[in-house]
Amino acid sequence: LAKTTQPISMDSYEGQEVNITCSHNNIATNDYITWYQQFPSQGPRFIIQGYKTKVTNEVASLFIPADRKSSTLSLPRVSLSDTAVYYCLVVRINNNDMRFGAGTRLTVKP
Amino acid sequence: DAGITQSPRHKVTETGTPVTLRCHQTENHRYMYWYRQDPGHGLRLIHYSYGVKDTDKGEVSDGYSVSRSKTEDFLLTLESATSSQTSVYFCAISDGTANTEAFFGQGTRLTVV
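Quick notes on the rules
- Residues numbered from 1 in each chain as written.
- Chains lettered and ligands numbered in written order.
- Predicted model: local features only at pLDDT ≥ 70, side-chain atom pairs only at ≥ 80, totals over all residues.
- Heavy atoms only, no water.
- Helix = DSSP H or I, 4+ residues; strand = E, 2+ residues; numbered from the N terminus.
- Rg over C-alpha atoms; globule rule 2.2 N^0.38 Å.
- Buried < 20%, exposed > 50% of the residue type's maximum accessible area, 1.4 Å probe, protein only.
- Contact = heavy atoms within 4.5 Å.
- Lys, Arg positive; Asp, Glu negative; His and termini not counted.
- Charge placed at Lys NZ, Arg CZ, Asp CG, Glu CD.
- Pairing = 2+ DSSP bridges.
- Axes fitted to C-alpha atoms, helices over the stretch in contact; angles between N-to-C directions.
- Disulfide = S-S within 2.5 Å.

Concerning the overall build of chain B
Thinking step 1. Along the backbone of chain B there are zero helices and eleven strands.
Thinking step 2. Reading chain B from its N end, one meets helices and strands in the order β-β-β-β-β-β-β-β-β-β-β.
Thinking step 3. Relative to the compact-globule value of 13 Å for 113 residues, chain B shows a C-alpha radius of gyration of 13 Å, a close match.
Thinking step 4. For the C-alpha atoms alone, the extent of chain B along its principal axes is close to 40 × 30 × 25 Å.
Thinking step 5. Considering chain B as a whole, with its 113 residues, one finds that 47% of them fall into the buried category.
Thinking step 6. Restricting to contacts in chain B with at least 6 residues of sequence separation, those with at least 24 account for 54%.
Thinking step 7. In chain B, which carries 11 positive and 13 negative side-chain charges, the distance between the mean positions of the two groups comes to 4 Å.

So this is what it looks like as structure tokens:
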């Protein structure tokens, strides 16, 4: 599975857009890119998945360039409740092997 | 919320004893996973299952075994618990089939003394 690399931490302020970039240089053809959010003392929660180009849902957008070696999670107008750890995963679709990296700890300040 | 239940939620056990954690789902999902999470760290995959009696090792499988005799249950056994296995254990389920969304249980806090 492709190893993922993302920043250890990021700070932002309420109302700003936050972009978290993840690199996955060795991504394979049958790999999907998935992002999760985790609050303290809870299990991770799925945010969004994509294969290429742009995907948007009600909480986030995911941008994936043509070479798929990186992806960017975009959170519009963050609030204090978006303070959490965000994980980027590369998931091989034929066996759904799901491995988490260290994640990015996002802190949203007032 | 997806129907996934972990039991027990908390357990304290002694070094050298066997321990079994249970994950139960009511969603009929194909894939089930066991992870451990240590303070300040991300989740590490222990074992996962892609069907009844079909399991595979993850990143940190040493000292752990799993069994899945029914679709709805995935058991994690610590064969002889050690203090290094003190952790929070999460179970997850996933439908697969081009959908990588997984649903997580509430976690089991295991302390080995």
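Still more ground to cover, so stick around.
Topic: the sheet that holds strand 3 (residues 19-25) of chain B
Residues and elements named next belong to chain B.
Thinking step 1. Read from one edge to the other, the open sheet built from four strands follows the order 1-3-8-7, with strand pairing classed as antiparallel. Each edge of the open sheet carries a strand with a single partner, namely strand 1 (4-7) and strand 7 (64-70). Strand-to-strand, the axes of this sheet are offset by a mean angle of 15°, without reference to chain direction.
Thinking step 2. With five bridges connecting them, strand 7 and strand 8 (residues 73-78) associate as antiparallel partners. Bridge pairing in strand 8 places V66 opposite L76.

Points about unusual backbone geometry
What you tend to see is this: most non-glycine residues have negative phi, and most peptide bonds are trans.
Thinking step 1. At the junction of B:S7 and B:P8, the peptide bond is cis and its omega measures out at -10° in the coordinates.
Thinking step 2. For B:P8, the position within the fold is in the loop between strand 1 and strand 2 (10-13).
Thinking step 3. A positive phi angle, close to 65°, is found at A:S41, a residue other than glycine.
Thinking step 4. As for its position among the elements, A:S41 is in the loop between strand 3 (31-38) and strand 4 (45-50).
Thinking step 5. Relative accessible area serves as the criterion here: at 69%, A:S41 is assigned to the exposed category.
Thinking step 6. Not every positive phi belongs to a glycine, and B:K53 is a case in point at roughly 65°.
Thinking step 7. Structurally, B:K53 is set in the loop between strand 5 (43-51) and strand 6 (54-57).
Thinking step 8. Exposure remark for B:K53: the relative accessible area of 66% places this residue in the exposed category.

Notes on the environment of A:V55
Residue and element names in this part refer to chain A.
Thinking step 1. Inspection of the secondary structure puts V55 in strand 5 (residues 53-56).
Thinking step 2. By relative accessible area, V55 is classed as partly exposed at 24%.
Thinking step 3. Not counting residues within four places of it along the chain, the set of residues in contact with V55 comprises I48, Q49, G50, A60, S61 and L62.

Details of the state of the cysteines
Thinking step 1. Inspection of every chain in the model, using the stated rule, returns two disulfides over all chains.
Thinking step 2. With its sulfur 2.2 Å from that of its partner, A:C22 forms a disulfide with A:C88. Negative torsions about the S-S bond denote left-handed disulfides, and the value of about -80° found for A:C22 with A:C88 makes this one left-handed. Of this pair, A:C22 sits in strand 2 (residues 18-23) while A:C88 sits in strand 8 (residues 84-92); the two residues are 66 residues apart in sequence, bridging distant segments of the chain.
Thinking step 3. With relative accessibility at 0%, the residue A:C22 sits in the buried group.
Thinking step 4. Residue A:C88 is classed as buried on the basis of its relative accessible area, which comes to 0%.
Thinking step 5. Disulfide pairing places B:C23 opposite B:C91 at an S-S distance of 1.8 Å. Note on the B:C23 and B:C91 pair: the S-S dihedral is about -75°, so by sign convention the disulfide is left-handed.

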